[in-house]
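This is what each chain is made of:
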Amino acid sequence: MPIRTASARWQGNLTEGSGTVRTGKGGLQGNYSFKSRFEEGEGTNPEELIGAAHAGCFSMAFSKALADAGSTATSIETTAKVHLDKTDAGFSVTRIELETVGEVPGIDEAEFQKLAEAAKANCPISRLLSPGAEITLTARLSS
């Protein structure tokens, strides 16, 4: 398997400085700052990037689980809400709320929910993050 890379450059002090993040092949690039991370400023932040990675990984894992069970998804749309909280140990990602909507013809609600939970448990990014953060899932079958 290939090794994936990403890079970041920061200039200046914590509160007044700014930086850029970039994925290895340049597919994603963005500016970030103290304000974009801890306030509501313009730009991205590490937590959004973690959320994007988690939503993408989960959606792919769910698609595979559905296909393995004989159901092909027309679409899976997932949002990850990443909570960065101040704890006794400092700032930590404490919780990630996955919200997914799947358009999956011919599947019943119980099977859909079972496969969504299995995908959450087996997605590599969930496995990476779950020891330190609570991961919840709300899955809705689109009609």
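See the structure printed just above.
Report follows, based on the coordinates. (Residues numbered from 1 in each chain as written. Predicted model: local features only at pLDDT ≥ 70, side-chain atom pairs only at ≥ 80, totals over all residues. Heavy atoms only, no water.)

**Considerations on a nonpolar patch on the surface**
Basically, it comes down to this: For patches, a residue must show more than 30% relative accessible area and have no salt bridge; joins then use 9 Å for like charges and 5 Å for nonpolar side chains, namely Val, Leu, Ile, Met, Phe, Trp and Tyr. Residue burial considers only the protein chains on display, and all accessible areas are found by Shrake-Rupley using a 1.4 Å probe. The term salt bridge refers to a side-chain nitrogen of Lys or Arg lying within 4 Å of a carboxyl oxygen of Asp or Glu. Segments assigned H or I by DSSP are reported as helices when at least four residues long, segments assigned E as strands when at least two residues long, and all are numbered from the N terminus. For every residue, the accessible area obtained with a 1.4 Å probe (protein chains only) is divided by the maximum for its type, and the residue is called buried under 20%, exposed over 50%, and partly exposed between those limits.
Together, Trp10, Leu14, Phe38 and Phe91 make up a nonpolar patch on the protein surface, roughly 390 Å² of accessible area in all. Here Trp10 lies in strand S1 (residues 6-11). On the accessibility criterion, Trp10 (31% relative accessible area) is partly exposed.

**Concerning the environment of Phe58**
Rule in force here: For this analysis, residues touch if any pair of their heavy atoms sits within 4.5 Å.
When you line up the elements, Phe58 lands in helix H2 (residues 46-68). For the pair Phe58 and Phe112, spaced 54 residues apart in sequence, the C-alpha to C-alpha distance is 14 Å. Those residues in contact with Phe58 that sit more than four places away from it in its chain are Thr78, Leu98, Thr100, Ala116, Ala119, Lys120, Cys123 and Leu137.

**A word on the packing of H2 against helix H3 (residues 109-122)**
Operational definition: Every axis in this analysis is a line fitted to C-alpha atoms, fitted for helices over the stretch in contact. Angles between the N-to-C directions lie between 0 and 180 degrees. Convention used here: angles under 35 degrees read as roughly parallel, angles over 145 as roughly antiparallel, angles from 65 to 115 as roughly perpendicular, and any remaining angle as oblique. Crossing handedness: left-handed means the near helix sits turned counterclockwise from the far one by under a right angle, and right-handed means the same turn made clockwise. Ten residues, namely Ala, Val, Leu, Ile, Met, Phe, Trp, Tyr, Cys and Pro, are considered nonpolar, four, namely Asp, Glu, Lys and Arg, are considered charged, and the remaining ones, Gly among them, are considered polar.
One way to put it is that H2 packs onto H3 with a least axis distance of 8 Å and a crossing angle of 130 degrees. The pairing of H2 with H3 is recorded here as oblique in orientation. The crossing of H2 and H3 is right-handed. Within the contact between the two elements, H2 uses Phe58, Ala61, Phe62, Ala65 and Leu66 and H3 uses Phe112, Leu115, Ala116, Ala119 and Lys120. Its residues assigned to classes, the contact of H2 with H3 shows 9 nonpolar, no polar and 1 charged.

**Brief notes about the packing of aromatic side chains**
Just so we agree on the cut-off: Here the aromatic set is Phe, Tyr and Trp, taking the six-membered ring for Trp, and pairing holds for ring centres within 6.5 Å; pairs whose planes are under 30 degrees apart are stacked, those over 60 apart are edge-to-face, and all others are tilted. Here, over-ring charges are defined by two tests on the NZ atom of lysine or the CZ atom of arginine: distance to the ring centre within 6 Å, and angle to the ring normal within 35 degrees.
Throughout the structure, instances matching the rule amount to 5 aromatic pairs. Between Trp10 and Tyr32 the ring centres are 5.1 Å apart and the planes differ by 55 degrees, which places this aromatic pair in the tilted class. Residue Trp10 is found in strand S1, and its partner Tyr32 is found in strand S3 (residues 29-33); the two are separated by 22 residues along the sequence. A centroid spacing of 4.9 Å and a plane angle of 40 degrees characterise the contact between Phe34 and Phe38, whose relative ring orientation is tilted. Of this pair, Phe34 and Phe38 both sit in helix H1 (residues 34-38), 4 residues apart, which is roughly one turn of that helix. Of the residues examined, Phe38 reaches a relative accessible area of 31% and is grouped as partly exposed. Here the aromatic cluster, defined as three or more aromatic residues joined through ring pairs, consists of Phe34, Phe38 and Phe91. Looking at Lys86, its charged tip hangs above the ring of Phe91, at a distance of 5.3 Å from the centre.

**Focus on the pairing of S1**
Consecutive residues of a regular strand have side chains that alternate between opposite faces of the sheet. Stated precisely, the cut-off is as follows: The criterion for strand pairing is that DSSP finds at least two bridges linking the strands in question.
The buried fraction of S1 is low, at 0 of 6 residues. Looking at chain direction, S1 and strand S2 (residues 18-23) are connected through 6 bridges and run antiparallel. Among the inter-strand pairings, Trp10 is bridged to a residue of S2, identified as Gly19. Between S1 and S2, which pair antiparallel one after the other, the connecting turn spans 6 residues, and Gly12 there sits at a positive phi close to 95 degrees.

**Here's the deal with the pairing of strand S5 (residues 90-103)**
As defined by bridge partners, strand S4 (residues 75-87) adjoins S5 across 13 bridges and the pair is classed as antiparallel. The residue of S5 that forms the bridge with Lys81 is Glu97. The turn joining S4 and S5, which pair antiparallel and follow one another in sequence, is formed by 2 residues. Note that S5 and strand S6 (residues 134-141) share 8 bridges and pair parallel. Note that in S6 the partner of Arg95 across the bridge is Glu134.

By themselves, these observations are geometric and do not establish any function.
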